[in-house]
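# Chains, contacts and geometry: an overview
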Amino acid sequence: HRLILPDLRSSGRSHCSGPLSWDRLADDIAQLMDHLGLSQTIVGGASGGTGAALRLALRHPDRVSALLLVAPLYGGHGLALNKTQRAAFAAMAQAGERCLEEGISALEPLFAHLPEPIRGAALEMIQSFDAASVAATTRLFASAAMPFGGAEELARVEAPTLLVPGADAMHPPETAELYAEALANVTVQEVANLMSEELAGTIARFCSAVAR
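In this text the structure is predicted, and so the values were computed from the model without any measurement. (Residues numbered from 1 in each chain as written. Predicted model: local features only at pLDDT ≥ 70, side-chain atom pairs only at ≥ 80, totals over all residues. Heavy atoms only, no water.)

Moving on, we get to the pairing of strand β2 (residues 64–70). Most of β2 sits out of view: 6 of its 7 residues are buried. With 6 bridges connecting them, strand β1 (residues 41–46) and β2 associate as parallel partners. The residue of β2 that forms the bridge with Gly 45 is Leu 69. Chirality of the crossover, the property in question, places the unit of β1, helix α2 (residues 49–59) and β2 among those that are right-handed. Relative to strand β3 (residues 161–164), β2 runs parallel, the two sharing 4 bridges. If you follow Leu 69 over to β3, its bridge partner there is Leu 163. (Buried < 20%, exposed > 50% of the residue type's maximum accessible area, 1.4 Å probe, protein only. Helix = DSSP H or I, 4+ residues; strand = E, 2+ residues; numbered from the N terminus. Pairing = 2+ DSSP bridges. Right-handed = clockwise from strand over helix to strand, strands pointing away.)

Right, let's get into the packing of aromatic side chains. In the structure shown here, the tally under the stated rule is 3 aromatic pairs. Aromatic pair Trp 22 and Tyr 74: ring centres 5.1 Å apart, planes at 70°, arrangement edge-to-face. Residue Trp 22 is found in helix α1 (residues 22–36), and its partner Tyr 74 is found in the loop between β2 and α3 (76–79); the two are separated by 52 residues along the sequence. Across the pair, exposure class does not vary: Trp 22 and Tyr 74 are buried alike. Arranged with centres 5.7 Å apart and planes meeting at 80°, the rings of Phe 148 and Tyr 179 form a pair that is edge-to-face. (Phe/Tyr/Trp six-rings, centres within 6.5 Å; stacked < 30°, edge-to-face > 60°.)

This part is about the pattern of salt bridges. Summed over the entire model, instances satisfying the criterion amount to 10 salt bridges. With a shortest N-O distance of 2.7 Å, Asp 28 and Arg 9 are connected by a salt bridge. Taken together, the residues span a long stretch of sequence, with Asp 28 in helix α1 and Arg 9 in the segment before α1 at a distance of 19 residues. Residue Asp 28 is classed as buried on the basis of its relative accessible area of 18%. (Salt bridge = Lys/Arg side-chain N within 4 Å of Asp/Glu carboxyl O.)

Across the sheet, which stays open at both edges, the 4 strands sit in the order β1-β2-β3-β4 with parallel pairing between neighbours. Each of the sheet's edge strands pairs with one partner strand only, and the pair in question is β1 and β4 (186–188). Each adjacent strand pair in this sheet contributes to an overall mean axis angle of 15°, direction not counted. On the sheet, α2 packs against β1 and β2 and is oriented at approximately 155° with respect to β2. Across the sheet, helix α9 (residues 197–211) is in contact with β1, β2 and β3; its angle to β2 comes to roughly 165°. (Axes fitted to C-alpha atoms, helices over the stretch in contact; angles between N-to-C directions. Contact = heavy atoms within 4.5 Å.)

Counting residues in hydrophobic clusters, the biggest one holds 34 residues, and the most contacted among them are Leu 54, Leu 67, Leu 69, Leu 154 and Tyr 179. Counting only elements with at least two residues in this core, the list comes to α1, α2, β2, α6 (131–142) and α8 (173–182). With 6 residues, the top contributor of residues to this core is α2. Apart from residues lying up to four places away in sequence, Leu 154 is in contact with Leu 54, Phe 148, Leu 178, Tyr 179, Ala 182 and Leu 183. In this structure, Ala 95, Phe 111, Ala 122 and Ala 131 belong to the second largest nonpolar core, which totals 11 residues. (Core = buried A, V, L, I, M, F, W, Y, C linked by side-chain atoms within 4.5 Å.)

What follows is the structure, encoded as structure tokens:
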């Protein structure tokens, strides 16, 4: 498999301070595929990245041969954001606005509770971030905008989908349950540790199966 890991607009090394939407992020991925000469590909995301992947599958269904959704957190208008998600996104948005005055170091408290070596890797990663871009991204999160409306819209996704449920308040199991019920062609695979080789193997086997 050829693996492509883009920094979405306003994330990582992709700097853009303008307003964001799920449609805009989905269109960016489609345009990147055009640039790379890819008419169709397997598209995936984890956590917040599932929003962009899912929106692409809905907005540009002909470009997605299969879909990977790992620990989704967006439940659509029916589930909305829960208390933990709202609080986390509000904290991110506040830190994003502080970045405009204090610089990227304003993000460091958000990673204080991560275990090593993940925390060290995260702190190193954010050094490439752009303050205005971080503010734009965190505003999208705090807006509670959803990449889809409800179960009836999810049902429009025809691509074979691998769904790996989350197991915490930020990635609630009920969100994965909604996806499992609504998606037309879904394989649900529980993984005990999302930072493990088990997840990598699960994804590799799914990609190999749909590529046959």
